[in-house]
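Take a look at the letters that make up each chain.
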Amino acid sequence: GEVARQAHGGTFEAATASVLDKRVGPVGSSWSKQDGRILLGFGEPDPETAPVRLELLLDVPEPVARVELRQTPLDTLTGALGITLPLADSARERIEVDARGEILLPPSLAPTPVRGHLEVNLLGFVPPHPPELQGIVSGDRTTFTTRFEVSADQTTVQLTDAKVAAGAFVLEGDGVVR
């Protein structure tokens, strides 16, 4: 890769990179001493246009990490992550996903719970449902939103204000992922 200095920070580009033994394609990053911002992009060398972006805002009272997945075919994402979904090939081919999340960064490296929120949109997907709900479960978008807290030992994720919506069909609640 290449590192370049700029007036108040720098940039980095690499033609290819791997994360957890998975190839993520070209990567790029930029950082600024002026506003305490670090921006990483995966899938394109320019982090501003990359399909996956990670932005760290450090020079603020409550530092945060923001993650964004721009609209991407579901097959591209699941293939890159090595995940198989229980969907027919024809369904997987037409579904696209976009997501945004924010994590409040802890004040130190000591083990501590981490809080944030997440929004995921599946475009071209409506969950399976009985025919009686046909008028309620409609459209071509399913949305999942939640607030979350990852335990200090990173073994549990507490979901609060979780909501799945497809048309007028909405499920809400809290939960735990172990």
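See the structure printed just above.
Residues numbered from 1 in each chain as written. Predicted model: local features only at pLDDT ≥ 70, side-chain atom pairs only at ≥ 80, totals over all residues. Heavy atoms only, no water.

Novice: In this structure, what is going on with the environment of Pro111? I would like to understand it.
Specialist: Note that Pro111 resides in the loop between β7 (96-104) and β8 (114-123). Looking at Pro111, the relative accessible area reads 68%, which means it is exposed. Once the C-alpha coordinates of Pro111 and Ser151 are considered, the two residues, 40 residues apart in sequence, prove to be 8.8 Å apart. (Helix = DSSP H or I, 4+ residues; strand = E, 2+ residues; numbered from the N terminus. Buried < 20%, exposed > 50% of the residue type's maximum accessible area, 1.4 Å probe, protein only.)

Novice: It is not clear to me how the nonpolar core should be interpreted in this structure. Could you clarify?
Specialist: Within soluble globular proteins, side chains that are nonpolar tend to cluster in buried spots. Ranked by size, the top nonpolar core spans six residues in total: Leu69, Leu74, Ile95, Val97, Ala99 and Phe125. Apart from the residues within four sequence positions on either side, Ile95 is in contact with Pro73, Leu74, Leu87, Leu122, Leu123, Gly124 and Phe125. (Core = buried A, V, L, I, M, F, W, Y, C linked by side-chain atoms within 4.5 Å. Contact = heavy atoms within 4.5 Å.)

Novice: Got a minute to help me understand the pattern of salt bridges in this structure?
Specialist: Should the charged atoms of two oppositely charged side chains come close, the side chains can pair. In total, this model carries 11 salt bridges according to the counting rule given. Across the pair Arg147 and Asp161 runs a salt bridge, and its minimum N-O distance is 3.9 Å. Taken together, the residues Arg147 in strand β9 (residues 141-150) and Asp161 in strand β10 (residues 157-166) connect sequence positions 14 residues apart. Salt bridges linked by common partners bring Arg37, Glu48, Arg53, Glu55, Arg66, Glu68, Arg70 and Glu102 together as one network. (Salt bridge = Lys/Arg side-chain N within 4 Å of Asp/Glu carboxyl O.)

Novice: Teacher, can you tell me more about the pairing of β9 here?
Specialist: Each regular strand displays side chains that alternate between the two surfaces of the sheet. Taken together, the 10 bridges between β8 and β9 define a ladder with antiparallel strand orientation. Following the sheet pairing, Gly116 is matched in β9 by Phe148. Pairing geometry for β9 and β10, over eight bridges, is antiparallel. Bridge pairing in β10 places Glu149 opposite Gln158. Remark: six residues form the turn of the hairpin made by β9 and β10, two consecutive strands paired antiparallel; Gln154 in that turn has positive phi of roughly 60 degrees. (Pairing = 2+ DSSP bridges.)

Novice: Would you explain the environment of Glu13 in this entry?
Specialist: Mapped onto the elements, Glu13 comes out in strand β2 (residues 9-19). Contact partners of Glu13, with chain neighbours within four places excluded, come to Gly1, Glu2, Val27, Gly28 and Pro45.

Novice: Could you clarify how one ought to interpret a negative patch on the surface in this entry?
Specialist: Taken together, the side chains of Glu2, Glu13, Glu44 and Asp46 present a region of like negative charge at the surface. Within the secondary structure, Asp46 sits in the loop between β4 (37-42) and β5 (52-57). (Patch = residues over 30% accessible without salt bridge, like charges linked within 9 Å, V, L, I, M, F, W, Y side chains within 5 Å. Areas by Shrake-Rupley, 256 points an atom, 1.4 Å probe, with all protein chains shown as cover. Lys, Arg positive; Asp, Glu negative; His and termini not counted. Charge placed at Lys NZ, Arg CZ, Asp CG, Glu CD.)

Novice: Even after reading the chapter, I still don't get the sheet that holds strand β3 (residues 22-32), so can you show me in this structure?
Specialist: Remark on secondary structure: sheet strands pair via backbone hydrogen bonds, oriented parallel or antiparallel. The strand order β1-β2-β3-β4-β5-β6-β7-β8-β9-β10-β11 describes an open sheet built from 11 strands, whose pairing is antiparallel. Both edges of this open sheet fall to β1 (2-6) and β11 (169-177), since each of them pairs with a single strand only. Averaged over all pairs of adjacent strands, the angle between strand axes in this sheet comes to 10 degrees, irrespective of strand direction. Strand direction decides the pairing type here: β10 and β11, joined by eight bridges, are antiparallel. Directly across from Val164, in β11, lies its bridge partner Leu171. (Axes fitted to C-alpha atoms, helices over the stretch in contact; angles between N-to-C directions.)

Novice: What exactly am I supposed to notice about the environment of His117 here?
Specialist: For His117, the location among the structural elements is in strand β8. Among the residues examined, His117 registers a relative accessible area of 34% and is labelled partly exposed. Sequence separation between His117 and Leu104 is 13 residues; the distance between their C-alpha atoms is 9.1 Å. Contact partners of His117, with chain neighbours within four places excluded, come to Arg100, Gly101, Glu102, Thr146, Arg147 and Phe148.

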